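Here is what each chain is made of, one letter per residue.
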2 protein chains.
Amino acid sequence: MSKTSEIPYKIYLTEEEMPKAWFNVRSAMAKKPAPLLNPATRQPVTLDDLSHVFCRELAKQELDDTTDFIPIPKPILDFYKMYRPSPLVRAYFLEKELGTPAHIYYKFEGNNTSGSHKLNSAIAQAYYAKEEGLTSITTETGAGQWGTALSMACSFFGLKCHVYMVKCSYEQKPHRREVMRTYGAEVTPSPSNTTKVGREILAAHPGTNGSLGCAISEAVETAVSTPNCRYTLGSVLAQVLLHQSIIGLETQAALKKYGIEPDVIIGCAGGGSNLGGLISPFVADKLNGKSNCNIIAVEPASCPSLTRGKYAYDFCDTGRVCPLQKMYTLGHDFIPSASHAGGLRYHGMSATLSELYDQKLMEARAVEQTSVFAAAEQFARVEGILPAPESSHAIRVAIDEALRCKAEGREETILFGLTGTGYFDMVAYEKFNDGSMCDYIPTDADLKASFAKLPQV
Amino acid sequence: MSKTSEIPYKIYLTEEEMPKAWFNVRSAMAKKPAPLLNPATRQPVTLDDLSHVFCRELAKQELDDTTDFIPIPKPILDFYKMYRPSPLVRAYFLEKELGTPAHIYYKFEGNNTSGSHKLNSAIAQAYYAKEEGLTSITTETGAGQWGTALSMACSFFGLKCHVYMVKCSYEQKPHRREVMRTYGAEVTPSPSNTTKVGREILAAHPGTNGSLGCAISEAVETAVSTPNCRYTLGSVLAQVLLHQSIIGLETQAALKKYGIEPDVIIGCAGGGSNLGGLISPFVADKLNGKSNCNIIAVEPASCPSLTRGKYAYDFCDTGRVCPLQKMYTLGHDFIPSASHAGGLRYHGMSATLSELYDQKLMEARAVEQTSVFAAAEQFARVEGILPAPESSHAIRVAIDEALRCKAEGREETILFGLTGTGYFDMVAYEKFNDGSMCDYIPTDADLKASFAKLPQV
């Protein structure tokens with residue numbers, strides 16, 4: 001029962017009320033996501049397989065689909081207290097602007113220097129690496145949020161951090177790069193001549209601007225060939241969704257304080273880490289019959305893995321060195337056209353979210369970037385926060401849903417994840433402000449060609 | 001009595017606990033700041049004089065040195081709830097890093113899109129302009145925080161906002177400019193040919209990069225020559241310190257919850273808005289004999305108005321169109337050498353802070369920017385927040401004080417103002433990371449030449 005009149009603009013938990021364990025949504029699923037496959041043997045990966053690439057505790061978390069709550073180690077909890085709990089905001093001003101009877105809430109993850117939710121998993125991955133006695137970790141970054149988050153986490157635990165940054169981002173976003181350097185990270189534009197795979201790609205494609213798939217391959221090669229080093233990934237993986245469940249758990253605890261039940265839950269989905277984290281406890285409630293909320297994944301029309309992809313085993317990276325995952329995919333060779341939501345330009349999707357989508361526990365919508373930026377600007381002007389392009393996909397659909405409520409005269413409760421801020425995305429805003437932003441939609445022929453290269457499993 | 005063990009990482013007030021009135025520190029001072037003088041008559045300015053430039057309610061606040069508490073209008077209180085209360089953070093990680101027995105707290109004003117405390121006064125100034133029936137306001141901006149804050153505030157109240165941005169900043173900080181445009185502001189590089197004073201300056205100094213003093217003159221000219229338009233200023237003025245007192249009032253309320261009394265209070269000082277706001281209630285306690293805390297203003301060695309300036313009447317702007325103010329000043333013709341703390345590059349200082357300094361209620365220290373950035377980076381790595389160069393001046397001295405406590409074995413409580421974030425200052429961080437940052441200190445001869453041009457009053 002909602003006590004609407006008393007709801008503040010921002011609902012904060014106290015530090016004592018913060019969740020002490022992450023929630024593993026797979027434990028609640030009767031039909032689990034399909035297992036990862038070893039790319040060489042095509043058999044389900046073992047703990048030993050994964051432990052060559054990831055540190056062992058994280059490999060365990062990756063494979064564990066039965067434990068429900070996994071305690072958060074105290075050093076991670078303490079770090080969380082630097083920037084968490086994050087606020088759950090009642091969007092009173094947006095509601096007024098739209099003239100909607102809907103109640104809109106958003107969980108804002110941008111109040112930290114990484115500018116996004118990525119820090120929630122970065123600090124966990126750095127912690128376990130430190131505990132295992134590793135001295136360095138590698139990763140790739142596209143838009144730069146994950147690389148920034150991991151740099152911060154490594155700096156905190158005294159680990160060396162080597163980030164392969166997609167070359168075009170490295171050149172177009174020197175400020176993101178500089179934040180990583182300020183946190184002590186080594187940042188290499190990818191493809192580079194520091195790895196075998198990088199040299200091969202440079203030889204085959206001189207002058208290439210790089211891609212996320214290539215940067216992953218370089219980061220993995222460096223991790224497995226460097227002593228006391230492992231690779232880390234900021235999305236897609238089950239372990240990442242686990243760490244990101246802190247978002248959903250905090251949200252649920254904050255809503256419960258005021259007796260609020262969401263009718264619609266919305267999140268942007270690239271690899272799925274934010275949406276997966278936000279919805280984890282709510283999915284469990286749906287599966288237990290405690291909730292009937294509608295969950296909506298929002299993806300860019302330029303990279304529509306859920307709405308136009310195939311549910312099949314595919315490689316997670318272009319270099320095909322990572323395990324195969326059953327997921328909604330556009331094909332590992334699919335190159336999304338230029339868009340300003342770098343964090344959503346991934347050909348696949350979290351296996352967990354893919355399975356939830358396949359089980360019809362979640363729906364998906366694809367939106368075009370000009371309509372996304374229009375929503376971003378409308379939101380920024382009334383709610384004060386300049387959102388990241390990725391996050392603005394969720395804003396677009398939240399506004400659409402609020403307008404539907406207005407048309408239907410329904411007082412629904414809409415919750416969305418506001419994953420981060422757009423301070424490093426002003427080139428994109430400039431294009432939008434100048435009216436020179438374009439939309440890109442892959443043709444059916446593009447997708448057909450890409451699907452033809454899916455591995456036979 | 002401090003209940004140390006229970007103090008959380010971040011102390012938040014509830015929305016009900018937020019201050020409902022601003023505090024006018026001048027009301028507590030037996031000897032008041034000297035009156036502003038009309039630049040033409042050299043007589044104390046009248047309400048009518050000021051009302052040509054500022055809207056009337058703000059002009060009243062500027063002249064009112066006796067009322068103690070001024071109620072915050074409800075629309076401003078509601079806007080404050082979008083990003084306030086701001087957290088008072090216990091710097092546990094910094095204390096551990098330094099190995100100091102001191103307890104360090106900082107009031108963090110950077111969790112909003114303007115990236116600083118400037119929004120606290122911008123929303124007030126926009127509100128009163130709207131109430132008066134104005135349709136547009138003008139201002140100048142250097143580093144861009146104030147221009148961004150005012151753009152956000154005007155967008156919220158549906159006012160047209162015209163920002164004159166110092167030309168070199170306009171070109172070097174296109175992303176700041178774009179945030180302002182996203183909030184609907186018109187941004188003009190200054191000097192421009194849109195004003196008489198701009199055209200004169202361009203004719204006299206072709207190819208000039210502009211200065212804050214010139215941008216002020218253009219913004220004032222546009223305000224007084226446009227119907228239903230007034231000028232606004234983001235620092236220096238008594239009205240701005242009044243609005244910024246929300247910082248100090250929230251801080252004091254948060255400290256009182258845990259029975260904490262600060263021994264040292266530190267803030268950076270350019271025009272003085274942040275420091276003045278932070279210390280306002282604590283100064284009253286000092287004057288009432290309730291507190292014996294030491295207040296430290298930190299300024300850049302490149303622009304040392306308190307530590308090396310003269311306490312004299314001077315012009316607030318280079319164009320000499322604004323009222324004369326008695327303040328610590330380096331002379332209105334003083335051009336601070338290039339430094340990365342654009343927000344501290346002002347020749348003068350708030351009259352209120354100047355008077356407090358003159359009465360020895362506050363001390364001042366000047367610090368060099370390389371040592372400031374070293375402190376910034378040390379802070380960022382353990383406390384997670386990437387601070388603005390301006391704010392980092394306060395961090396430098398907070399660390400120095402904490403190390404003094406360590407050397408002396410004293411468990412003092414240190415409080416400092418962390419005014420904002422450095423996301424738009426990565427060019428400066430890059431110079432520091434590359435080892436190519438320089439320090440600048442004006443010579444005695446420079447200052448002597450500048451003092452010679454002080455007006456005779």
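What comes next is a walk through the structure. Counting starts from 1 at the beginning of each chain's written sequence and moves along it residue by residue. All chains are assigned letters beginning with A, and all ligands numbers beginning with 1, in the order in which they are written. Restriction of local features to residues with pLDDT of at least 70 applies here, the model being predicted, together with a cutoff of 80 or more for giving and counting side-chain atom pairs; totals for whole chains, interfaces and linings are based on all residues. Side-chain numbers here rest on the full set of heavy atoms in the structure, without hydrogens or water.

### A closer look at the sheet that holds strand S9 (residues 229-231) of chain B
Residue and element names in this part refer to chain B. The following threshold applies: Any two strands with at least two DSSP-identified bridges between them are counted as paired. Each helix is a run of H or I in the DSSP string that is no shorter than four residues. Each strand is a run of E no shorter than two, and both are numbered from the N terminus. Comment: axis = line fitted to C-alpha atoms, over the contacting stretch for helices; angle = value between 0 and 180 degrees taken between N-to-C directions. By definition, residues are in contact when any of their heavy atoms lie within 4.5 Å.
The sheet built from four strands is open, its strands ordered S8-S7-S6-S9 with parallel pairing. Every other strand in the sheet has two partners, leaving strand S8 (186-190) and S9 as the edge strands with one partner each. The average undirected angle you get between the axes of adjacent strands in this sheet is 25°. Relative to strand S7 (residues 160-166), strand S6 (residues 136-141) is paired through six bridges, and the arrangement is parallel. Bridging from a neighbouring strand, Thr138 pairs with His162 of S7. Packed on one face of the sheet, helix H6 (residues 145-157) meets S6 and S7 and runs near 165° to S6. Each of S6, S7, S8 and S9 touches helix H10 (residues 212-225); the most contacted strand, S6, lies at about 170° to it.

### Things to note about helix H15 (residues 369-383) of chain B
Residues and elements named next belong to chain B. The test is simple: For a helix, the expected span equals 1.5 Å multiplied by the number of residues minus one. Burial status follows relative accessibility: with a 1.4 Å probe on protein chains alone, a residue under 20% of its type maximum counts as buried, one over 50% as exposed, and anything between as partly exposed.
Given a rise of 1.5 Å per residue, 15 residues ought to cover 21 Å, and the 20 Å separating the end C-alpha atoms of H15 matches this to within 8%. Along H15, the residues classified as buried are Gln369, Val372, Phe373, Ala375, Ala376, Glu377, Phe379, Ala380, Val382 and Glu383. Note on H15: the residue one or two positions beyond its end, Gly384, has a positive phi of about 85°.

### Points about the side chain of A:His393
Residue and element names in this part refer to chain A. Checked against the element boundaries, His393 lands in helix H16 (residues 389-408). Take His393: its relative accessible area is 3%, and that puts it in the buried class. Excluding residues within four positions of it along the chain, His393 makes contact with Cys268, Val298, Glu299, Pro300, Ala341, Leu344, Val367 and Val372.

### Comments concerning helix H14 (residues 351-358) of chain A
Residues and elements named next belong to chain A. Heads up, the rule is: Definition of a polar contact: a pair of N or O atoms within 3.5 Å, with one able to donate and the other able to accept a hydrogen when the atoms are protein atoms, and with sequence-neighbouring residues admitted only if both atoms are side-chain atoms.
Of all eight residues in H14, seven are buried; the element is thus mostly enclosed. Regarding H14, the residues found buried are Ala351, Thr352, Leu353, Ser354, Glu355, Leu356 and Tyr357. Residues of H14 that are buried sit in contact with helix H11 (238-257), helix H12 (273-287), helix H13 (305-308), strand S12 (310-315), strand S13 (324-329) and strand S14 (363-367). Looking at where H14 begins, the residue whose side-chain oxygen comes 3.2 Å from the main-chain nitrogen of Thr352 is Ser350. Downstream of H14 by one or two residues, Lys360 has phi in the positive range, about 60°.

### As for the packing of H6(B) against helix H8 (residues 174-182) of chain B
All names here are of chain B. What counts is decided by this rule: By definition in this entry, angles of less than 35 degrees are roughly parallel, angles greater than 145 are roughly antiparallel, angles of 65 to 115 are roughly perpendicular, and the rest are oblique. The handedness criterion is simple: a crossing whose near helix is rotated anticlockwise from the far helix by less than a right angle is left-handed, and one whose near helix is rotated clockwise is right-handed. Residue type decides the class: Asp, Glu, Lys and Arg count as charged, Ala, Val, Leu, Ile, Met, Phe, Trp, Tyr, Cys and Pro as nonpolar, and the leftover types, Gly among them, as polar.
At a closest axis distance of 8 Å, the pairing of H6 and H8 adopts a crossing angle of 15°. Classified by the interaxial angle, the pair formed by H6 and H8 is roughly parallel. Crossing of H6 against H8: the hand is left-handed. Where H6 abuts H8, its residues Gln145, Gly147, Thr148 and Ser151 lie against Arg176, Val179 and Met180. In the contact of H6 with H8, the residues fall into two nonpolar, four polar and one charged.

### Some words on the nonpolar core
We apply this condition: Nonpolar core, defined: a set of buried Ala, Val, Leu, Ile, Met, Phe, Trp, Tyr and Cys residues in which side-chain atoms within 4.5 Å join the residues together.
Among the nonpolar cores identified, the biggest contains 235 residues, and A:Trp22, A:Ile266, A:Phe416, B:Trp22, B:Ile266 and B:Phe416 are the most heavily contacted of them. In this structure, A:Phe54, A:Ala215, A:Cys316 and A:Cys322 belong to the second largest nonpolar core, which totals 22 residues.

### Concerning the environment of A:Gly272
Residues and elements named next belong to chain A. Among the secondary structure elements, Gly272 is positioned in the loop between strand S10 (264-268) and H12. In this structure Gly272 comes out as buried when scored by relative accessible area, which is 3%. Note: C-alpha distance between Gly272 and Tyr313 (41 residues apart in sequence) is 17 Å. With sequence-adjacent residues up to four places away left out, Gly272 is seen in contact with Ser235, Leu241, Met349, Ser350 and Leu353.

### Brief notes about the interface of chain B and chain A
Quick reminder of the rule: Summed over both partners, buried area is the accessible surface (1.4 Å probe) that two parts give up on being assembled. What makes a salt bridge here is a side-chain nitrogen of Lys or Arg within 4 Å of a carboxyl oxygen of Asp or Glu, nothing more.
Opposite the 43 residues of chain B that make contact, chain A presents 43 residues. When the two sides are added together, the surface that chain B and chain A hide from each other amounts to roughly 4000 Å², 55% of it contributed by carbon and sulfur. A per-residue breakdown of the area chain B buries against chain A is headed by B:Thr182, B:Arg381 and B:Tyr423, which together make up 17% of the total. Between A:Arg177 and B:Glu430 there is a salt bridge; the shortest N-O distance is 3.2 Å. Where chain B meets chain A, there are 27 residue pairs in polar contact (both at pLDDT 80 or more). Of all the secondary structure elements, the ones that give two or more residues to the side of chain B that touches chain A are helix H3 (74-83), H6, H8, H15 and helix H17 (426-434) of chain B. Class assignment of the residues belonging to the side of chain B that touches chain A gives a composition of 21 nonpolar, nine polar and 13 charged.

### Brief notes about empty space enclosed by the protein
All names here are of chain A. Formally: Put simply, the grid is 1 Å and covers the protein atoms alone, a cavity is a trapped set of points that fit a 1.4 Å probe, a pocket is an open set with protein on both sides within 12 Å along at least five of seven lines, and lining residues have an atom within 4 Å of a point. Grid points are joined across faces, edges and corners, and a volume is the space filled by probe spheres set on the points.
By the definition in use, this model includes eleven cavities of 30 Å³ or more. Here the largest cavity is characterised by a volume of approximately 550 Å³. Along its surface, the largest cavity is lined by 41 residues, and Lys118, Gly234, Ser235, Gly271 and Gly343 are the ones closest to its centre. Those elements that place two or more of their residues in the lining of the largest cavity are strand S6 (136-141), helix H6 (145-157), helix H10 (212-225), H12 and H16. A total of three residues in the lining of the largest cavity trace back to one element, the largest contributor, which is H12. Class assignment of the residues belonging to the lining of the largest cavity gives a composition of 19 nonpolar, 19 polar and three charged. Taken as a whole, the second largest cavity holds about 380 Å³ of empty space.

### Things to note about the relation of the copies chain B and chain A
Note the threshold: For this overlay, a least-squares fit was computed on C-alpha atoms, restricted to residues scoring pLDDT of at least 70 in both copies.
Expressed as a screw transformation, the operator carrying chain B onto chain A has a rotation angle of 180° and an axial translation of 0.0 Å, and the superposed copies differ by an RMSD of 0.0 Å. Those values place the two copies in the arrangement expected of a two-fold rotation axis. Within chain B, the C-alpha atom positioned nearest to the axis of rotation is that of B:Asn111, 3.1 Å from it. The share of interface residues of chain B whose copies in chain A are also at the interface is 100%, consistent with both copies meeting through the same surface.

### Considerations on unusual backbone geometry
Note: most residues except glycine have negative phi, and most peptide bonds are trans. Look at the link from A:Ser190 to A:Pro191: it is a cis peptide, with omega at 5°. By the secondary structure assignment, A:Pro191 is in the loop between strand S8 (186-190) and helix H9 (196-204). With a phi close to 60°, A:Lys360 is a non-glycine residue in the positive phi region. The exposed category is assigned to A:Lys360, whose relative accessible area is 72%. One non-glycine residue with positive phi stands out, namely B:Val236, at about 70°. Positionally, B:Val236 belongs in the loop between S9 and helix H11 (238-257).

### Notes on the side chain of A:Glu377
Locating A:Glu377 in the fold gives a position in helix H15 (residues 369-383). For A:Glu377, the contacting residues outside a window of four places in its chain are A:Tyr429, A:Phe432, A:Asn433 and B:Thr182.

### Observations concerning the packing of aromatic side chains
Stated precisely, the cut-off is as follows: Here is the rule: rings of Phe, Tyr and Trp (six-membered ring for Trp) pair when centre to centre is within 6.5 Å. Planes less than 30 degrees apart are stacked, more than 60 are edge-to-face, and the remainder are tilted. Charge-over-ring contacts are defined here by two conditions on Lys NZ or Arg CZ: a distance within 6 Å of the ring centre and an angle within 35 degrees of the ring normal.
Within this structure, the stated rule accounts for 40 aromatic pairs over all chains. Look at B:Phe54 and B:Tyr231: their rings are 6.1 Å apart centre to centre, the planes differ by 35°, and that puts the pair in the tilted class. A residue pair is termed long-range when its members are at least 10 positions apart, and B:Phe54 in the loop between helix H1 (47-51) and helix H2 (56-63) and B:Tyr231 in strand S9 qualify at 177 residues. Every member of this aromatic cluster is reached through a ring pair, and the members are A:Tyr9, A:Tyr92, A:Phe93, B:Phe79, B:Tyr80, B:Tyr83, B:Tyr127, B:Tyr128, B:Phe156 and B:Phe157. Lying over the aromatic face of B:Phe451, B:Lys310 brings its terminal NZ or CZ to 4.6 Å of the ring centre.

### Side note on the pairing of strand S7 (residues 160-166) of chain A
Residues and elements named next belong to chain A. With respect to burial, S7 is a largely interior element, six of its seven residues being buried. With five bridges connecting them, S7 and S8 associate as parallel partners. When the sheet's bridge partners are listed, Tyr164 is paired in S8 with Thr188.

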